[in-house]
Structure formats: structure tokens, C-alpha cells
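Listed here are the chains, written in short residue letters.
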Amino acid sequence: MDIHEYQAKDLLTRFGVQVPRGGIAYSPEQAVYRASELSGDKWVVKAQIHSGARGKAGGVRICSSEEEVSDAATWMLGRKLVTHQTGPQGKLVSRLYVEEATSIAQEIYLGFVMDRKLERVVVVASAQGGMEIEEISEQEPESIIRSVVDPAVGMQAFQAREIAFSLGLEPPLIAQAVKTIMGCYRLMAEMDANMVEVNPMVVTQAGEIVALDAKVSFDDNALFRRPEIAELRDKSQEDTRETYAEDRGLSYIGLDGEIGCIVNGAGLAMATLDMIKMSGGEPANFLDVGGGASPERVLKSFKAVLNDPNVEAILVNIFAGINRCDWIAEGVVLAMKELDLTLPVVVRLSGTNVEEGRKVLDDSGLPVITADTLAEAADSVVGAWKDAKFKEAS
Ligand code: GDP
Ligand code: MN
């Protein structure tokens, strides 16, 4: 789960990390009021969306008058900001963060990620901050410092000091940098985050270390024990297809293709996606209906799949062990009737009660296309999808 920059900064301060003072605003008037609350004569208006690279998209504006604050806020609020991380549909800006501006002497990159191969937290840092880590690794690969944390003891102060020295920081800044690095690590470890990125961490003209931007992502599987983090969720920033499915207890991941998938078991679901691709189609989603799925649950799955406007054909692929093919078949019939489906539906059933399941489909009189093997099912759904498209075009 991702959170907003202002929320991440609030958490970081609890771990001793210094951030600029700021306040949240939902309207241009509020933005101006926030600026007036802060001392100084320069402010930064920042669009709060779950994406980085806002600066290049106009989502970060340095302002030197109340009028500029108001104009920036007016421009950003209600806009779908498109960054190269949001996809072409962009993300809606409904909150702003107004901060006192910082005079920057140096921008540093600081990131904490889970390295799945090493099974360790890895700290990545570079004295060439401000640009994204992908750009840094392309343009200044030798500037990247990596440091692996031993989970048995956690991040050690000497390790943070080593990173600070490698960044070439002047001695008076080392202690503050160590405090920042240790604070980020503690947030990551103690709050079940799986990513903390401060880009840039800046050295100010006044000689202080400040986290100017912050991006934190949490492990969804740990949210049950972090209610105060779960509350920070902003569903309006998430994939609406995934939120819809998750709210209905379905395990669903949205993809970009046209073939909707309803499968049991995560492994078979992944294999189904591969088979669709091999047959020349593109899957629209991953969906695992789980074990012992009732007809109602199958109906719910159809609704979740069809909630994606790109879906043009559906493949139901069930290898029933705990599941029952007859229940699945009843669910397919229920869904096709209740939802008045006209798009092609291919069903492959195998395992428990398969005969009963096939009979339910046959007796329904509905135009369900059946298949015996996964390969056949993938071929037929892609074929049926292409036929339907051809018909539509001619
Ligand atoms: P991002 O584009 O979403 O990563 O947003 P950031 O918060 O990282 O801001 C982008 C860039 O704007 C930073 O790398 C800075 O160069 C600049 N910036 C942001 N805040 C300030 C500020 O307070 N003062 C100055 N001078 N530049 C800032
Ligand atoms: Mn940034």
C-alpha cells in the first residue's frame, strides 16, 4: 500500500527525520492560508498523488507570493496529473501540501528496498540526487552506494556513518545524515514498510540535512497489525478494478489486455496468463477464485472481471480439487443470465464433479464454449475473441 508524501513525512518525523514545515490544503484558499501560517516568503505547492516525478509534470511549484500559491493550487486541484509513473490516465489531485521552501545546496538520493534475492533490506544512496534512481543508474552508475542490512542486528550506526562518508558529506553534516538514515531504516523495520525513498534528501544552504520528498510503501500482508498505517490508505489513488475486487474478498490484479480470466489457484492463474499470451492474446487480469467457490462467488468474480471496460472475452479455467465443477458451472450460468453476457465465454472444467458441471452448462442452453485442456481453452478464447472483433468490425 502506498501513502502520500505528507503522510510519509509525518511518519518520518516520528523517527527523528527532519522535514520542511507544511500543511495540507484542499482548496486554493486553504493553500494560501497554509502559506500565511508558515514563515518566510517562498513556498512550495505539491500535488499529493501516489506517484513520483510530479515535478516534471507540473505537480511541484515554487511560489513567491500568495497569488502564485493560489494559481498553482487552482491549476493542480481537480487535475489528473500524468507522470511517467501513473500511466496515460494519470492520477487525480484532490489534496495539496504547502511547504516552506528550502534553499538547496545539494540533492542526495536515499532509498531503502527489500532485496528479494538477498532477503535483506538494501540501502541505496547517491550524491547525484534529484533525478530518479533509474536515471542515476544509467547516467551516473558509479555514484551509487549500496549497503546491505543484516536482519539479525538491524541497521548499525557505523553502517549509516559509512554511507554518509561515501556520499562525501562534510564532517559537520555526518551526525545529521546518520540520524536521517537510521530514522528511515527504523520506519521501514518497525512499521512493516517495504520501501522508503527520500529523493531528494537535501543539504540546505544553512547546512542542515532535510528530507525534501518522501515515498513510503507498506507490506499489505502486515496491515492487519498496523491499524494506524491502514488508516492512511487513499483508495482514490489506487486501481479502481483492484479496489472493487479486494472489497469483495477476491484476489485480483489488473492487467492491460482484453481476455478476462477466472481461475482457481494462484499457480494455475499464472499459467493461464502465459497460455493466453502464447495463443496470441493478452490477459486483462489475474483472478484466483479460491477453493470451494460457490456460484455466488463465481458471479462476483464475473462482475469484478467485467468491471474492466477493456474485457472482450472471458476464460474460466478450473482444476477442481476442493472446488466443485458443478458449483462453478452454476456460477457461470448465473452470471451469464444475470449479467446478460454477449461476449464470448470459454469454460474449461476438470476434476471434482466434472460430469455434473458439464451437464449444468449443456442443460443451460447458453452459448458457453467448452474446452478440455488448458491449451485448448486458451486457443479457443483467443479465437473467439478475434472472431467477435472481426464481426464487430465488418
Ligand atoms: P517529485 O518530482 O515527485 O519527485 O517531487 P519532489 O518533491 O522530489 O520535487 C522535485 C524537485 O523539485 C526536487 O528534486 C527539487 O529539485 C525541487 N524542489 C522541491 N522542493 C523544493 C524546495 O523547497 N526548494 C527548492 N529550491 N527546490 C525544491
Ligand atoms: Mn522526489
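Calculation rules
Residues numbered from 1 in each chain as written. Chains lettered and ligands numbered in written order. Predicted model: local features only at pLDDT ≥ 70, side-chain atom pairs only at ≥ 80, totals over all residues. Heavy atoms only, no water. Phe/Tyr/Trp six-rings, centres within 6.5 Å; stacked < 30°, edge-to-face > 60°. Helix = DSSP H or I, 4+ residues; strand = E, 2+ residues; numbered from the N terminus. Buried < 20%, exposed > 50% of the residue type's maximum accessible area, 1.4 Å probe, protein only. Lys NZ or Arg CZ within 6 Å of the ring centre and 35° of its normal. Arc of directions from axis to C-beta. Contact = heavy atoms within 4.5 Å. Salt bridge = Lys/Arg side-chain N within 4 Å of Asp/Glu carboxyl O. Domains from an automatic or database assignment. Buried area = accessible area lost by both parts, 1.4 Å probe. Nonpolar A, V, L, I, M, F, W, Y, C, P; charged D, E, K, R; others polar. UniProt positions renumbered as here; feature names shortened; annotations may be inferred. Axes fitted to C-alpha atoms, helices over the stretch in contact; angles between N-to-C directions. Parallel < 35°, antiparallel > 145°, perpendicular 65-115°, else oblique. Left-handed = near helix turned anticlockwise from the far one by under 90°. Pairing = 2+ DSSP bridges. Donors = N, O, S within 2.8 Å, 3.2 Å for Na, K, Ca; no water.

Draft legend 1. Region of interest: the packing of aromatic side chains. Enumeration over the complete set of coordinates arrives at one aromatic pair. Aromatic pair tyrosine 6 and tyrosine 97: ring centres 6.1 Å apart, planes at 35°, arrangement tilted. Of this pair, tyrosine 6 sits in helix H1 (residues 5-14) while tyrosine 97 sits in strand E6 (residues 96-100); the two residues are 91 residues apart in sequence, bridging distant segments of the chain. Looking at tyrosine 6, the relative accessible area reads 18%, which means it is buried. What makes tyrosine 97 buried here is its relative accessible area of 8%. Note that arginine 79 overlies the ring of tryptophan 75, its terminal NZ or CZ placed 3.8 Å from the centroid.

Draft legend 2. Highlighting helix H5 (residues 157-166). For H5, the complete set of buried residues consists of Gln159, Ala160, Ile163 and Ala164. For H5, the angular spread of buried residues about the axis comes to 140°, placing them on one side. Lining the buried residues of H5 we find strand E8 (120-126), strand E9 (144-148) and helix H6 (171-190). Looking at the residues trailing H5, positive phi occurs at glycine 168, about 80°.

Draft legend 3. Structural view of the pattern of salt bridges. One pass over the full model with this rule turns up 24 salt bridges. With a shortest N-O distance of 2.9 Å, aspartate 247 and lysine 235 are connected by a salt bridge. Taken together, the residues span a long stretch of sequence, with aspartate 247 in helix H8 (residues 240-247) and lysine 235 in the loop between helix H7 (227-230) and H8 at a distance of twelve residues. On the accessibility criterion, aspartate 247 (48% relative accessible area) is partly exposed. Across the pair lysine 389 and glutamate 312 runs a salt bridge whose closest N-O atoms are separated by 3.1 Å. Taken together, the residues lysine 389 in helix H13 (residues 374-393) and glutamate 312 in the loop between helix H10 (295-306) and strand E16 (313-320) connect sequence positions 77 residues apart. Exposure remark for lysine 389: the relative accessible area of 39% places this residue in the partly exposed category.

Draft legend 4. Region of the structure containing the domain arrangement of the chain. Examined at the domain level, the chain breaks down into domain 1 (1-19 + 104-238), domain 2 (21-101) and domain 3 (240-393). Spacing between the C-alpha centres of domain 1 and domain 2 amounts to 22 Å. With both sides pooled, the region where domain 1 packs onto domain 2 buries about 1400 Å², and carbon together with sulfur makes up 36% of that total. It is Tyr6, Glu132 and Gln237 in domain 1 that bury the most area against domain 2; as a group they hold 42% of the surface buried on that side. A salt bridge links glutamate 5 to lysine 46, with the shortest nitrogen-to-oxygen separation between them at 2.6 Å. The element contributing the most residues to the side of domain 1 that touches domain 2 is H1, with four residues. Classifying every residue of the side of domain 1 that touches domain 2 by side-chain character gives four nonpolar, three polar and eight charged.

Draft legend 5. How the structure looks around the UniProt feature "binding site: substrate" (unreviewed entry) in the chain. Feature annotation in UniProt assigns "binding site: substrate" (unreviewed entry) to the following positions: Asn264. Mapped onto the elements of the fold, asparagine 264 is located in the loop between strand E14 (259-263) and helix H9 (266-278). Judged by its relative accessible area of 11%, asparagine 264 falls in the buried class. The contact partners of asparagine 264, leaving out residues within four places of it in the chain, are Asp288, Val289, Gly290, Asn317, Ile318, Phe319 and Asn323.

Draft legend 6. The arrangement of the packing of H5 against H6 in detail. Direction vectors running N to C along H5 and H6 enclose 120°, while the axes themselves pass 9 Å from each other. By the angle class used here, H5 and H6 are oblique. Considering only the axes of H5 and H6, their crossing is right-handed. Contacts between H5 and H6 pair Ala157, Ala160, Arg161, Ile163, Ala164 and Phe165 from the former with Ile174, Ala177, Val178, Ile181 and Met182 from the latter. Split into classes, the residues belonging to the contact of H5 with H6 amount to ten nonpolar, no polar and one charged.

Draft legend 7. Structural context of the sheet that holds strand E1 (residues 22-25). The four strands lie next to each other as E1-E6-E2-E3, forming an open sheet whose pairing is antiparallel. Only two strands of the sheet have a single partner each, and these edge strands are E1 and strand E3 (60-63). Between one strand axis and the next, the sheet turns by 20° as a mean value, whatever way the strands run. One ladder, built from four bridges, connects E1 with E6; its direction is antiparallel. From the neighbouring strand, alanine 25 faces E6, where its bridge partner is leucine 96. Contacting E1, strand E2 (43-47) and E6, H1 crosses the sheet at an angle of about 50° to E6. Running over the sheet, helix H2 (residues 28-37) touches E1, E2 and E6 and is turned about 170° from E1.

Draft legend 8. How the structure looks around the coordination of the manganese ion (ligand 2). Bound to the manganese ion (ligand 2) are the protein donor atoms Asn199 (O) and Asp213 (OD), situated 2.1 to 2.2 Å from the metal. Here asparagine 199 is found in strand E10 (residues 193-204), whereas its partner aspartate 213 is found in the loop between strand E11 (209-211) and strand E12 (215-218), with 14 residues between them in sequence. Across this residue pair, the class does not change: asparagine 199 and aspartate 213 are buried.

Draft legend 9. Seen up close, the pairing of E10. Among the twelve residues of E10, eleven are classified as buried, and the element is accordingly described as predominantly covered. As paired strands, strand E7 (residues 104-115) and E10 are joined by eight bridges and run antiparallel to one another. Its bridge partner being in E10, leucine 110 is matched across the sheet by valine 198. Here E10 runs beside E12; their pairing, made up of four bridges, is antiparallel. Note that in E12 the partner of glutamate 197 across the bridge is lysine 215.

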